[in-house]
Amino acid sequence: MTDSPVAREDPGVTRLLVSLQLSDSAFPSGFYTMSHGLEGFRQAELVGPDGVGDLLEDLLVASVGPGDATALARAHGAATAGDWEGVADIDRVLYASKLNGELRRASVRSGRQLADITAETFAGTPGGEEIARWARRVKSHDVPGCQPVVTAVCYAATGVPIAEAVASDLFAFASSFAGACLRLRLTDHRSTQVLLRRMQPVIATVVADALVRPLADIGGFAPMGDIMSAGHERAEARLFTS
């Protein structure tokens, strides 16, 4: 009689599969509905096909890294330690650091969707109860439910190491941005893959910074991104929610 698949399960492979699932562009977290500010830049004619790579790099380094990635890293550490009030504090700090309504709503909408789906997806599996418990707090509005913090809880509960968790979420952001480039006709499928490859060393640097950045320093500085987002919020026609 052969061993069952469960008995032969490799923990490292299992964690990798969790990362692949949660960072997959097909995962219904709401990222598909977001352009992460790109549509605002496009509407203002401030970015063209030659500039999308520079814009994405700027957003990763100056905005997403100091903000979302840092919150994810700190929340992952708190969740791993069982400090759930610490996780809640990080969620509230991240929410407060987002300067305009569109970005706050996008993060919370995606986070609540992620919490709801992962509570069902991981039910009855290792880490499932921790994810479900956090999802209940998000649903009850006890915490804002920002997407990076929900993601941190999911990764910590399933044993995905902190660096891999941050890298996976940053790649999911880059992939979502690249998808928006396609839909806005700023790139093609081949160029999109070149763009994602170009971002990999950038993501590695952003991960390293996020791992050591303290909670007090959460929050990016991307004023043009905030301005474009504020304008996009009032645009008469929009393809994306952000």
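Residues numbered from 1 in each chain as written. Predicted model: local features only at pLDDT ≥ 70, side-chain atom pairs only at ≥ 80, totals over all residues. Heavy atoms only, no water.

Undergrad: Which parts of the structure should I look at to understand the overall build of the chain?
TA: Across its full length, the chain holds 10 helices and zero strands. Each helix (α) and strand (β) of the chain, taken in turn from the N terminus, gives the series α-α-α-α-α-α-α-α-α-α. Computed over C-alpha atoms, the radius of gyration of the chain comes to 18 Å, within 12% of the 18 Å expected from 2.2 N^0.38 for 242 residues, which places it in the range of a compact globule. Dimensions of the chain, computed from the C-alpha atoms along their principal axes, are close to 60 × 40 × 35 Å. (Helix = DSSP H or I, 4+ residues; strand = E, 2+ residues; numbered from the N terminus. Rg over C-alpha atoms; globule rule 2.2 N^0.38 Å.)

Undergrad: Would you mind going over the packing of helix H8 (residues 162-183) against helix H9 (residues 189-212) with me for this structure?
TA: When two helices pack together, their arrangement is given by the angle between the helix axes and by the axis-to-axis distance. The contact between H8 and H9 brings their axes to 9 Å, and the two run at 145°. Once H8 is placed against H9, the crossing between them reads as right-handed. Contacts between H8 and H9 involve Ile 162, Ala 163, Val 166, Ala 167, Leu 170, Phe 171, Ala 174, Ser 175, Ala 178 and Leu 182 from the first element and His 189, Thr 192, Leu 195, Leu 196, Ile 203, Val 206, Val 207, Ala 210 and Leu 211 from the second. Classifying every residue of the contact of H8 with H9 by side-chain character gives 16 nonpolar, three polar and no charged. (Axes fitted to C-alpha atoms, helices over the stretch in contact; angles between N-to-C directions. Left-handed = near helix turned anticlockwise from the far one by under 90°. Contact = heavy atoms within 4.5 Å. Nonpolar A, V, L, I, M, F, W, Y, C, P; charged D, E, K, R; others polar.)

Undergrad: So what exactly am I meant to see when it comes to the nonpolar core here?
TA: Inside soluble globular proteins, nonpolar side chains tend to come together where they are buried. Judged by nonpolar contacts, the single largest core of 63 residues is most densely connected at Leu 38, Leu 60, Trp 134 and Leu 170. With 13 residues, helix H3 (residues 52-80) is the largest single contributor of residues to this core. Sequence-distant contacts of Leu 60, defined by excluding residues within four places in its chain, comprise Gly 65, Pro 66, Leu 170, Phe 173, Met 199, Val 202, Ile 203 and Val 206. (Core = buried A, V, L, I, M, F, W, Y, C linked by side-chain atoms within 4.5 Å. Buried < 20%, exposed > 50% of the residue type's maximum accessible area, 1.4 Å probe, protein only.)

Undergrad: Can you help me understand the layout of surface pockets in this one?
TA: Using a probe with the size of a water molecule, rolled over the atoms, empty space left in the structure can be pinpointed. The space that makes up the largest pocket amounts to roughly 560 Å³. Along the walls of the largest pocket sit 30 residues, with Ser 63, Val 64, Asp 68, Lys 98 and Leu 103 positioned nearest its centre. At the level of secondary structure, the elements contributing two or more residues to the lining of the largest pocket comprise H3, helix H4 (84-97), helix H5 (101-121), helix H7 (147-157), H8 and helix H10 (223-233). With five residues, H3 is the largest single contributor of residues to the lining of the largest pocket. In this model, the second largest pocket occupies a volume close to 400 Å³. Along the wall of the second largest pocket there are 28 residues; nearest its centre are Ser 25, Phe 31, Ala 172, Ser 175 and Ser 176. Counting residues per element, the ones that place at least two in the lining of the second largest pocket are helix H1 (11-23), H7, H8 and H9. With 10 residues, H8 is the single largest residue contributor to the lining of the second largest pocket. Grouping the constituent residues of the lining of the second largest pocket by class yields 13 nonpolar, 12 polar and three charged. (1 Å grid on protein atoms, 1.4 Å probe; cavity = no way out; pocket = protein on both sides within 12 Å on 5 of 7 lines; lining within 4 Å. Points joined across faces, edges and corners; volume = space filled by probe spheres on them.)

Undergrad: Quick question: what am I supposed to make of the packing of H5 against H7 here?
TA: Following both chains from N to C, one finds H5 and H7 inclined at 25°, their axes separated by 7 Å at the closest point. Between H5 and H7, the interaxial angle falls into the category roughly parallel. In contact with Ser 107, Ser 110, Gly 111, Leu 114, Ala 115 and Thr 118 of H5, H7 contributes Gln 147, Pro 148, Val 150, Thr 151 and Cys 154. Residue composition of the contact of H5 with H7, grouped by class: five nonpolar, six polar and no charged. (Parallel < 35°, antiparallel > 145°, perpendicular 65-115°, else oblique.)

Undergrad: Quick question: what am I supposed to make of the environment of Gln 21 here?
TA: You can see Gln 21 is positioned in helix H1. Considering only alpha carbons, one finds Gln 21 and Ser 168, 147 residues apart in sequence, at a separation of 10.0 Å. Apart from residues lying up to four places away in sequence, Gln 21 is in contact with Phe 27, Thr 121 and Phe 122.

Fair warning: the whole summary comes from geometry, so function is off the table for now.
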